[in-house]
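In case you want the letters, here they are:
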Amino acid sequence: MYKKFGELISNIIATDQSHYVEQQTDGSYHKRAGIVNSELINQELQKEGSIAIYQKNTDLTIKWICFDFDILKKCIDSGLRDTGKKELNKIVTIFCQELNNLKIPFLLEFSGNRGFHVWITFDESINYHTGYDIQQTILSKTRLEFDDNLIGIDLFPQSATPTGGVGKGVKIPLSKHKKSGFYSYLLPDIASIKSVH
């Protein structure tokens, strides 16, 4: 099963970068040398590892965009986790419903810690800037409004123009979050959001 999943993830979201990011026990991430392929993913999942894949290819194209919704740490630290969770569930539900209304296919994933990833993948690699334009159009069309004292969103791409280096990455589905101890996993539908702990 791990092997098949590794092949699927490699085909859909892996890039040709010669590095990836490995999560540490404290939740931080360290850059590692190596190509993300089905074998590496297979090994990481079998040892309950957790890795993030960089978004951009070396030719400045991308195969996906991602919206990373999280309850803010300061919200949790101040005892507002339940309030933050309600706001998170509400905004992710609305966002995904709007994507359905726009007829934009997506993958919805519990991240394993404080939130959700909403992935939009492409059959062919597209220009980085084009990906950013698509992302911004989606944000405009969905008219996303939320309490930014409770919820934060990381966007991939982060900006219209890629910076130097490898860029930013997102943790792959089915990996075990080293700090929370929970696995990330894909949800079958929007209604499943409310059942995530």
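Keep in mind the model is a prediction, meaning the values are calculated, not measured.

Chemist: I tried to follow the nonpolar core on my own but got confused; where do I start?
Modeler: Inside soluble globular proteins, nonpolar side chains tend to come together where they are buried. Core analysis: the largest hydrophobic core is formed by 29 residues, its most contacted members being Phe67, Phe69, Val92, Phe95, Leu108, Phe116 and Val118. Taken together, the elements giving at least two residues each to this core come down to strand S4 (61–71), helix H4 (81–101), strand S5 (107–110), strand S6 (115–127) and helix H5 (128–142). The leading source of residues in this core is H4, at six residues. Beyond its immediate stretch of four places on either side in the chain, Phe69 contacts Leu88, Ile91, Val92, Phe95, Arg114, Gly115, Phe116, Val118, Leu144, Gly152 and Ile153.

Chemist: Quick question: what am I supposed to make of the packing of H4 against H5 here?
Modeler: A pair of packed helices is captured by two measures, namely the crossing angle of their axes and the spacing between those axes. Direction vectors running N to C along H4 and H5 enclose 105 degrees, while the axes themselves pass 10 Å from each other. The orientation of H4 with respect to H5, classified from their angle, is roughly perpendicular. Of H5, the residues touching H4 (which contributes Phe95, Glu98 and Leu99) are Ile138, Lys141 and Thr142. Class assignment of the residues belonging to the contact of H4 with H5 gives a composition of three nonpolar, one polar and two charged.

Chemist: I'm lost on H4 in this one. Help?
Modeler: Quick reminder: α-helices carry 3.6 residues per turn. Residues three or four places apart thus point the same way. In this model H4 runs 30 Å from its N-terminal to its C-terminal C-alpha over 21 residues, within 8% of the 30 Å that 1.5 Å per residue would give. All of the buried residues along H4 are Gly84, Glu87, Leu88, Asn89, Ile91, Val92, Phe95, Cys96 and Leu99. The inward-facing, buried residues of H4 abut S4, helix H3 (73–77), S5, S6, H5 and strand S7 (151–156). Lys103 occupies a position one or two residues after H4 and carries a positive phi of about 60 degrees.

Chemist: Just checking my understanding: could you explain the side chain of Ser184 for this structure?
Modeler: One can find Ser184 in the loop between strand S8 (169–171) and strand S9 (185–186). Here the side chain of Ser184 touches Leu174 through a polar contact of 3.0 Å, landing on its backbone nitrogen. Among all residues touching Ser184, those that are not within four sequence positions of it are Glu109, Phe110, Ser111, Gly112, Lys171, Ile172, Pro173, Leu174 and Ser175.

Chemist: When you look at the packing of aromatic side chains in this model, what are you seeing that I'm missing?
Modeler: Aromatic rings in a pair are described by how distant their centres are and how their planes are angled relative to each other. Enumeration over the complete set of coordinates arrives at six aromatic pairs. The interplanar angle of 65 degrees and the centroid separation of 4.9 Å between the aromatic rings of Trp64 and Trp119 together place this pair among those described as edge-to-face. Residue Trp64 is located in strand S4, and its partner Trp119 is located in strand S6; the two are separated by 55 residues in the primary sequence. Each member of the pair, Trp64 as well as Trp119, carries the same accessibility label: buried. Ring geometry for Phe110 against Phe116: centres 6.2 Å apart, planes inclined by 65 degrees, an arrangement best described as edge-to-face. For the pair formed by Phe110 and Phe116, the shared burial category is buried. In this structure an aromatic cluster arises from ring pairing among Trp64, Trp119 and Phe156.

Chemist: In this structure, what is going on with the pairing of S6? I would like to understand it.
Modeler: Bridge count between S4 and S6: nine bridges; the pairing is antiparallel. Bridge pairing links Asp68 to His117 in S6. With four bridges joining them, S5 and S6 adopt antiparallel strand pairing. Looking across to S6, one finds that Glu109 is bridged to His117. Taking the residues that link successive antiparallel strands as the turn, the S5-S6 hairpin has four residues, and the phi of Gly112 there is positive, at about 95 degrees.

The rules behind these values
Residue indices begin from 1 for each chain and proceed along its sequence in written order. Whole-chain, interface and lining totals are the exception, using all residues; otherwise, since this is a predicted model, local features are given only for residues with pLDDT of at least 70 and side-chain atom pairs are given and counted only at 80 or more. Hydrogens and water molecules were not included; the side-chain quantities draw on all heavy atoms of the structure. We call a set of buried residues a nonpolar core when its members are Ala, Val, Leu, Ile, Met, Phe, Trp, Tyr or Cys and they connect through side-chain atoms within 4.5 Å of each other. Between buried and exposed lies partly exposed: a residue is buried under 20% and exposed over 50% of the maximum accessible area for its type, with that area taken using a 1.4 Å probe on protein chains only. Starting at the N terminus, helices and strands are each numbered in turn, a helix being any DSSP run of H or I of at least four residues and a strand any DSSP run of E of at least two. Residue contacts are counted whenever heavy atoms from the two residues lie within 4.5 Å of one another. For every element, the axis is a line fit to its C-alpha atoms; helices are fit only across the contacting stretch, and the angle between N-to-C directions ranges from 0 to 180 degrees. These descriptions rest on fixed angle ranges, namely under 35 degrees for roughly parallel, over 145 for roughly antiparallel, 65 to 115 for roughly perpendicular, and the rest for oblique. Note on residue classes: Ala, Val, Leu, Ile, Met, Phe, Trp, Tyr, Cys and Pro are nonpolar, Asp, Glu, Lys and Arg are charged, and everything else, Gly too, is polar. Multiply 1.5 Å by the residue count of a helix minus one, and that product is the helix's expected span. Each polar contact in these results corresponds to two N or O atoms within 3.5 Å; when the atoms are within protein, one needs to be able to donate a hydrogen and the other to accept it, and residues that are neighboring in sequence are counted only if both atoms are side-chain atoms. Only centres within 6.5 Å qualify two rings of Phe, Tyr or Trp (six-membered ring in Trp) as a pair; their planes then separate them into stacked at under 30 degrees, edge-to-face at over 60, and tilted for everything else. Between any two strands, pairing holds if DSSP finds at least two bridges.

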